[in-house]
Every structure is written in C-alpha cells, then in structure tokens.
Amino acid sequence: AGCRSSAPRPPPGPPPACTLARVAPSMLRGPRRKVVYLIRHGESLWNEAQADKDVYGMLSDVDHPLTAEGRAQAEALAAQLSAAAGATPGGDSLLESTQVLCSPLTRAVQTCLIGLAPLLAGEGPRVRVVTLDPNLREKRNAMGKDSSGKWVGGKLQAGVRTTLRALYDDAPERAAPLCEVPLDLEMVQAKWWLGSRETEASVDARIEELGARLCYSPHNVIAVVGHSHYFRQLFRAQLDERATLDGGDASALTVQKLSNAGVARCEVEFRAEGARITAVQLLPGTELV
C-alpha cells in the first residue's frame, strides 16, 4: 500500500537519476510515517555573485563551493546539533537521523559534512556514511551553471576533499576529520547532471522518485541535504492541503525558500498517491526568504 512509483509513465525529458529498480525488495517493510529533515546548503560562491550582480562570477565556473559565510552557516548548524547532543536519545530529532542523503553538488556535500558533523562522527549509534543521490541536485535553469557537476565516481570524492581543504586553509586540522567521512558513490559513477535547462516534468519525476526512496527506506528519521528551488518544488508537489507550518498556514513554503543552511522538519505520510507532507517546523535560526 502506498509508495507509488513513476516508472509506468515516464515524463518527457531526462529520467530520474535512480529508480525504484535500485531499491532492494527487503526495504519495502519500512514504516509509512517518517520524519524527514530538509537542509539547504550554506551560501555558495554563486549566491554571493548573484547578490553582487557579478555575472562573470556566476558564469565563469560550475558547481560552486561554499563561501566563508557559507562555512560559518554550516558551522552554526553543527554547533546547534552539538548543543542538543545531551538530549535523551531515541526521539526524532535531527541528531537521531539514521540515514543521510545528499545532493552530489559540492556546496551541498560541504554543508552536509560540516553542518552534520556531530551526527556523522563520534561515538554511539551515529550515521557513518553519506549517500549521494543525484535526484537531489538543484533544478537546472537556463543560466544555472551552478547546477552542473564537475566530477563523477572517485573524482567527486577527491574533488570535495580538495574544496574542503581550500575552505579551511586557515585551519587544516578542522578539514581533516571532514574528509574522512565516507561517501556512498554508487549513483554518481556516470554523468549525473544536465548541461541545459531542465523541464518541470523532469524535476517532478525526480521528486516522486525521492518520495518512493524515502518510503522504501527502513529508516524512520532521515536527513536530506539539498537546494532551495528543488525543495520549493518538492513542497508544491507533496505538501498536504491541510499541512501546517509551525502550527499555522504552510502555503509560504511553496513560494519562498529556506534560508542558507536552514532546516525544515517534515512529518511525512506515505499514501497510495505518494508521499504527503502533513506538518513542517522550521528549526531555530531558519527563515523563509
């Protein structure tokens, strides 16, 4: 019951990066109500260039990494998690996530490794690996070179480590443990990005596949690191008509974006028609912009 696949009616345009055929049948016993944390990446060089109306900075490269401000935003998230580490375990807080999915774009991976460091390292029942899922990449707009990748396979992991060391050139000892977190590269062995504008139908197909992946997962609390436009379209597709945002009207989620390194706690039900988000809470420090 529930967890409908998009496979019987593929939309026009490129197919999702992964499909339900990749999901083991044994995973179908997962719970049908889950808590999913949507985490937007910190400020990237693209965001900075866009704010400064620096067209050259926006178009001279692809897959822009975090700025110093983006690093600080991700570190603030890590500090928030560390402060909550003394809470009683066994709940559904972000620190209790048992699966971490992340966009393969550099700014998202950097944010994941820095911001979720208290979850990914240390002792206890912590997540030990970050799964890179191309379905989480940002929507590719006409001039969206920041949504095109640079690397595949092992080169992606090496590239992320290089960018982390550059980001922490003032404190290399802080980059070292971040570079040790293993990345699951199974779904990024071949080119996983587009070189031109992506259709709405293609993004919707990726979002539907993500919902099915979450449904089939045996994990009950899942962290998902990704991008503002993708998350906004996800809310448009999966927000239940009676959903609440911090106890009030949730419609703003479909027109505004999470702030950089912002976190939305989503209660998700998996029904015959697919994933439906029934309640959303913004973590302290997160705003809609």
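If you're wondering where the values come from, they're calculated on a predicted model, not measured in any experiment.

**Concerning the sheet that holds strand β5 (residues 221–226)**
Pairing within the open sheet is mixed, and its nine strands lie in the order β4-β3-β2-β5-β1-β8-β9-β6-β7. Two strands lie at the open edges of the sheet, namely β4 (183–184) and β7 (248–249), each paired on one side alone. Pairing analysis gives two bridges linking strand β2 (residues 99–102) to strand β3 (residues 130–132), with the strands arranged parallel. Bridge assignment links C102 to a residue of β3, and that residue is L132. Against the sheet, helix α4 (residues 106–115) engages β1 (33–40), β2, β3, β4 and β5, with an angle of about 155° to β2.

**Considering helix α6 (residues 153–167)**
Here α6 is 15 residues long and its end C-alpha atoms lie 22 Å apart, about the 21 Å a rise of 1.5 Å per residue gives. Of all the residues in α6, the buried ones are G153, L156, Q157, G159, V160, T163, L164 and L167. Down the axis of α6, the buried side of the element spans an arc of 160°, and every buried residue falls inside it. Those residues of α6 that are exposed and angled more than 90 degrees off the buried face are K155 and A166. Along its buried surface, α6 packs onto α3 (68–83), α4, β3, α7 (172–179) and β4.

**Some details on the confidence of the model for the chain**
On average, residues of the chain score 86 in pLDDT, and 80% of them are at 70 or above. A low-confidence stretch, residues 6–13 stays under pLDDT 50, and its non-local contacts, those more than four residues away or across chains, total 11 contacts. Counting contacts from residues 54–58, a segment whose pLDDT is below 50, to residues more than four positions away or on other chains yields eight contacts.

**Some thoughts on the packing of aromatic side chains**
One pass over the full model with this rule turns up two aromatic pairs. Ring centres 5.0 Å apart and planes at 80° place the aromatic pair W192 and W193 in the edge-to-face group. For the pair Y230 and F231, a centre-to-centre distance of 6.1 Å together with 65° between the ring planes defines the contact as edge-to-face. Per residue, the accessibility class of Y230 equals that of F231, and both read buried.

**Brief notes about unusual backbone geometry**
Unlike most non-glycine residues, D63 shows phi in positive territory, near 55°. As for its placement among the helices and strands, D63 is situated in the loop between α2 (55–59) and α3. Judged by its relative accessible area of 3%, D63 falls in the buried class. Notably, A261 is not glycine yet its phi reads approximately 60°, a positive angle. If you trace the backbone, A261 turns up in the loop between β7 and β8 (263–271).

**Notes on the packing of helix α8 (residues 200–216) against helix α9 (residues 228–238)**
Between α8 and α9, whose axes approach to 10 Å, the crossing angle comes to 75°. One finds that α8 runs roughly perpendicular with respect to α9. Of α9, the residues touching α8 (which contributes E200, V203, D204, R206, I207, L210 and G211) are Y230, Q233, L234, A237 and Q238. Counted by class, the contact of α8 with α9 contains six nonpolar, three polar and three charged residues.

**With respect to the pairing of β1**
Every regular strand shows the same layout, with side chains that alternate between the two sheet faces. Most of β1 is tucked away: seven of the eight residues are buried. Pairing between β1 and β8: seven bridges, direction antiparallel. Its bridge partner lying in β8, K34 is registered against V268. Looking at chain direction, β1 and β5 are connected through six bridges and run parallel.

**What about the pattern of salt bridges?**
One pass over the full model with this rule turns up 15 salt bridges. For R33, the salt bridge is made with E269, and the minimal N-O distance between the two is 3.7 Å. Of this pair, R33 sits in strand β1 while E269 sits in strand β8, placing them 236 residues apart in sequence. Residue E75 is joined to R71 by a salt bridge in which the shortest nitrogen-to-oxygen separation is 3.0 Å. Taken as a pair, E75 and R71 lie in helix α3 at a separation of four residues, close to a single helical turn. Of the two residues, E75 and R71, both sit in the buried class.

**What about the nonpolar core?**
Core analysis: the largest hydrophobic core is formed by 42 residues, its most contacted members being L94, V100, L113, L116, L120, V130 and L132. In terms of residues, this core owes the most to one element, α4, which gives five residues. By size, the runner-up hydrophobic cluster in this structure holds 30 residues, among which are L38, V203, A275 and L282.

Rules of the game
The residue numbers shown here count from 1 along each chain, following its written sequence. Whole-chain, interface and lining totals are the exception, using all residues; otherwise, since this is a predicted model, local features are given only for residues with pLDDT of at least 70 and side-chain atom pairs are given and counted only at 80 or more. With hydrogens and water stripped out, all remaining heavy atoms of the structure feed into the side-chain values. Strand pairing requires that DSSP identify at least two bridges connecting the strands. Secondary structure elements are taken from DSSP: a helix is a run of H or I of four residues or more, a strand is a run of E of two residues or more, and numbering for both begins at the N terminus. We call two residues contacting when some pair of their heavy atoms lies within 4.5 Å. Only the contacting stretch of a helix is used when fitting its axis, a line to C-alpha atoms as for every element, and angles between N-to-C directions run 0 to 180 degrees. A helix's residues, less one, multiplied by 1.5 Å, set its expected span. Only protein chains enter the calculation, and the probe is 1.4 Å; a residue is then buried if its accessible area is under 20% of its type maximum, exposed if over 50%, and partly exposed in between. The arc under discussion is defined with respect to the helix axis, by the directions toward the C-beta atoms. pLDDT expresses, on a scale from 0 to 100, how confident the predictor is about each individual residue. Working definition: rings of Phe, Tyr and Trp (its six-membered ring) pair if their centres are within 6.5 Å, and the pair is stacked with planes under 30 degrees apart, edge-to-face with planes over 60 apart, and tilted otherwise. By the definition adopted for this analysis, an angle is roughly parallel if under 35 degrees, roughly antiparallel if over 145, roughly perpendicular if from 65 to 115, and oblique otherwise. Note on residue categories: nonpolar means Ala, Val, Leu, Ile, Met, Phe, Trp, Tyr, Cys or Pro, charged means Asp, Glu, Lys or Arg, and polar means any other residue, Gly included. Criterion for a salt bridge: a side-chain nitrogen of Lys or Arg within 4 Å of a carboxyl oxygen of Asp or Glu. Nonpolar cores are built from buried Ala, Val, Leu, Ile, Met, Phe, Trp, Tyr and Cys residues. Side-chain atoms within 4.5 Å join them into one set.

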